[in-house]
Amino acid sequence: MVVDISIVYVKTCNFSSTPTKILYIMGTEVVKVDEISFPHQITTTTNKLLNLLGHGITDIEIHFLQIKFTAIGVYLDPEILSHLQQWKGKPGTSLAEADDFFDAVISAPVEKFLRVVVIKEIKGSQYGVQLENSVRDRLAAEDKYEEEEEEALEKVVEFFQSKYFKKDSVITFHFPATSATAEITFSTEGKDDSKIKVENANVVEMIKIWYLGGSRGVSPTTISSIANTLSAELSK
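Throughout, residues of each chain are indexed from 1 in the direction in which the sequence is written. With pLDDT at 70 or above as the cut-off, local features in this predicted model cover only qualifying residues; side-chain atom pairs require 80 or more to be listed or tallied, and sums for whole chains, interfaces and linings still use all residues. Heavy atoms throughout the structure, all of them, feed into the side-chain values; hydrogens and water do not.

Draft legend 1. Region of interest: the pairing of strand 6 (residues 65-76). The pairing of strand 5 (residues 49-62) with strand 6 spans 11 bridges and is antiparallel. Paired with Thr58 across the strands is Thr70, a residue of strand 6. One requirement defines pairing of two strands: DSSP has to find at least two bridges between them. The helix and strand labels rest on DSSP assignments: H or I over at least four residues marks a helix, E over at least two residues marks a strand, and numbering proceeds from the N terminus. Counting the residues that bridge the hairpin from strand 5 to strand 6 gives two residues, and of these His63 lies at a positive phi of roughly 50°.

Given below as structure tokens:
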């Protein structure tokens, strides 16, 4: 680990003429994920201190060549441990295979924050289609894909449609503790940040599952990291 003394100020201007502060990072240890720094802690707009409790990458292998797309940091309110006590003493390898454990992580009424950093440049439309397919298929499988869900998902896809994901661009997902909503922010060098709020609870739940859903998650390395970290924290 290294110690980062920098201060990060993230802003968004979609819903206000004045920038909105999203988070501060200062004087904190960081974890390197494929040379990308993730601080051990962040403070959100609700003044909650969230801990980095999982990290990993999304990638594919083509002809034995690994292609990495994004690095992921998962930040959770430490209070989540009080909602996971029934898994105390379980090893991380066991938790990584327990989707009911990750269902409990997703449903726990605590603040959650995902920081996704681009490693390989892609079009935002490609990312949006991946998210759309995952969310739509899961909603359809549970017979929850109605007109309201379709409209909400289309707005998310449209949000990403015009973006270009340059290396080191950042997508964040903020899930408040007290409402079934999600705030998605996109940041890239040379442009103002853009933001969208997702208010359809079913769509929000499936976005959480896309990143935090155990065997259903898009990043096995992130799922394994969350399981091992929470196993260790629960054993303290």
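Draft legend 2. Region of interest: the pattern of salt bridges. Between Lys or Arg on one side and Asp or Glu on the other, a salt bridge is scored when a side-chain nitrogen of the former is within 4 Å of a carboxyl oxygen of the latter. Tallied over the entire structure, the rule returns 11 salt bridges. Notably, a salt bridge pairs Lys48 with Asp77, separated by 3.1 Å at the nearest N-O pair. Pair noted here: Lys48 is in the loop between strand 4 (41-43) and strand 5 and Asp77 is in the loop between strand 6 and helix 1 (92-95), with a separation of 29 residues, a long-range link. What emerges from the salt-bridge pattern is a single network uniting Lys48, Asp77 and Glu79.

Draft legend 3. Inspection of helix 4 (residues 147-161) at higher detail. Look at helix 4: 21 Å from first C-alpha to last across 15 residues, which is about the 21 Å you get at 1.5 Å a residue. Classification of residues uses two cut-offs on accessible area relative to the type maximum, computed with a 1.4 Å probe and protein chains only: under 20% is buried, over 50% is exposed, and between them is partly exposed. Three or more residues of helix 4 are buried, namely Glu149, Ala152, Leu153, Val156, Val157, Phe159 and Phe160. The arc enclosing the buried residues of helix 4, seen along the axis, measures out at 155°, which places them on a common side. Opposite the buried face of helix 4, at more than 90 degrees from it, the exposed residues are Glu147, Lys155 and Glu158. Helix span, expected: 1.5 Å multiplied by one less than the number of residues in the helix. Here, the arc refers to the directions that run from the helix axis to the C-beta atoms.

Draft legend 4. Region of interest: helix 5 (residues 201-212). With 12 residues, helix 5 extends 16 Å between its outermost C-alpha atoms, agreeing within 8% with the 16 Å of an ideal straight helix rising 1.5 Å per residue. Within helix 5, nine of the 12 residues are buried, which leaves the element mostly enclosed by the surrounding structure. Here helix 5 has its buried residues at Val203, Val204, Met206, Ile207, Lys208, Ile209, Trp210, Tyr211 and Leu212. Near the N-terminus of helix 5, the side chain that reaches the backbone nitrogen of Asn202, with its oxygen 3.1 Å away, is that of Asn200. Under the rule applied, a polar contact is a pair of N or O atoms within 3.5 Å (in protein, one hydrogen donor and one hydrogen acceptor; residues adjacent in sequence only if both atoms are side-chain atoms).

Draft legend 5. Structural view of the packing of aromatic side chains. Here is the rule: rings of Phe, Tyr and Trp (six-membered ring for Trp) pair when centre to centre is within 6.5 Å. Planes less than 30 degrees apart are stacked, more than 60 are edge-to-face, and the remainder are tilted. Summed over the entire model, instances satisfying the criterion amount to 12 aromatic pairs. When the centroid spacing of 5.2 Å and the interplanar angle of 80° are considered together, the rings of Phe101 and Phe102 count as edge-to-face. The exposure class assigned to Phe102 is buried, which follows from its relative accessible area of 0%. When the centroid spacing of 5.6 Å and the interplanar angle of 65° are considered together, the rings of Tyr127 and Trp210 count as edge-to-face. Taken as a pair, Tyr127 in helix 3 (residues 124-141) and Trp210 in helix 5 lie far apart in primary sequence, 83 residues in all. Taking relative accessible area as the criterion, Tyr127 reaches 3% and is therefore assigned buried. You can call Trp210 buried: its relative accessible area is 5%.

Draft legend 6. Spotlight on unusual backbone geometry. Phi at Glu35 takes a positive value of approximately 70°, unusual for a residue other than glycine. Tracing the chain through its elements places Glu35 in the loop between strand 2 (24-33) and strand 3 (36-39). Overall, the relative accessible area of 69% leaves Glu35 in the exposed class. Phi is positive for Asp168, which is not a glycine, with a value near 75°.

Draft legend 7. Spatial organisation of a negative patch on the surface. Surface patches are defined over residues having more than 30% relative accessible area and no salt bridge, joining like charges when they lie within 9 Å and nonpolar side chains (Val, Leu, Ile, Met, Phe, Trp, Tyr) when within 5 Å. Computed by Shrake-Rupley with a 1.4 Å probe, the accessible areas treat only the displayed protein chains as cover when residues are assessed. Charged-residue counts in this description rest on Lys and Arg as positive and Asp and Glu as negative, His and the chain ends being excluded. Charge positions are represented by NZ for Lys, CZ for Arg, CG for Asp and CD for Glu. A grouping of Asp143, Glu146, Glu147, Glu148, Glu150, Glu151, Glu154 and Glu158 is seen on the molecular surface, where their side chains present a negatively charged patch. Here Glu150 lies in helix 4. Taking relative accessible area as the criterion, Glu150 reaches 34% and is therefore assigned partly exposed.

Read these as layout, nothing more, since geometry by itself doesn't imply function.
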